[in-house]
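# Architecture at a glance
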Amino acid sequence: MLAVEGARAAARAGSRTSTSARDGHIVLVRPEIVVEIAFNDVQRSSLYPGGLALRHARVVRYREDRTVAESDSIEAVRAIAIADGVIS
């Protein structure tokens, strides 16, 4: 399970809960809740610190059966972007 998937499958992203800070369009949160995220594509983005954005991202469900430690990170998103040729 992962934090990304494109049109390929439903993915799981860790952390969405109480806000810790806000800086423009970026909201920092404490990782406490695991959510499954579906999306259509991954693309490069200069707006986000990770350098990537999920296209048409949507919450599929909250994963109460998973812990934050079991969720995926930006590295899983990068792996998909590399596989799709978005980044090298």
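For the structure, see preceding data.
Note that the coordinates shown come from a computational prediction; the quantities given were computed from them, not determined experimentally.

## Notes on the pattern of salt bridges
Going through the model one piece at a time under the given rule, you end up with seven salt bridges. The residue D65 makes a salt bridge to R63 at a minimum N-O spacing of 2.8 Å. On the basis of relative accessibility, which here comes to 51%, the residue D65 falls in the exposed class. Of the charged contacts, one joins D65 and R66 as a salt bridge, the two residues approaching to 3.9 Å between their closest N and O atoms. If you follow the salt bridges from partner to partner, you end up with E36, R61, R63, D65, R66 and E70 in one network.

## Re the side chain of S45
Structurally, the position occupied by S45 is in the loop between β5 (41-44) and β6 (52-55). In terms of polar contacts, S45 uses its side chain to reach the backbone amide nitrogen of L47, at 3.2 Å. Not counting chain neighbours up to four residues away, the residues in contact with S45 comprise G51, L52 and A53.

## Focus on helix α1 (residues 74-83)
Among all positions of α1, only A76, V77, I80 and A81 are buried. Taken around the axis of α1, the buried residues stretch over an arc of 140 degrees, which confines them to a single face. Contacts made by the buried residues of α1 are with β5 and β6. Once α1 ends, the next one or two residues include G85, with phi positive near 80 degrees.

Calculation rules
Residues numbered from 1 in each chain as written. Predicted model: local features only at pLDDT ≥ 70, side-chain atom pairs only at ≥ 80, totals over all residues. Heavy atoms only, no water. Salt bridge = Lys/Arg side-chain N within 4 Å of Asp/Glu carboxyl O. Buried < 20%, exposed > 50% of the residue type's maximum accessible area, 1.4 Å probe, protein only. Helix = DSSP H or I, 4+ residues; strand = E, 2+ residues; numbered from the N terminus. Polar contact = N/O pair within 3.5 Å; in protein donor to acceptor, adjacent residues only side chain to side chain. Contact = heavy atoms within 4.5 Å. Arc of directions from axis to C-beta.

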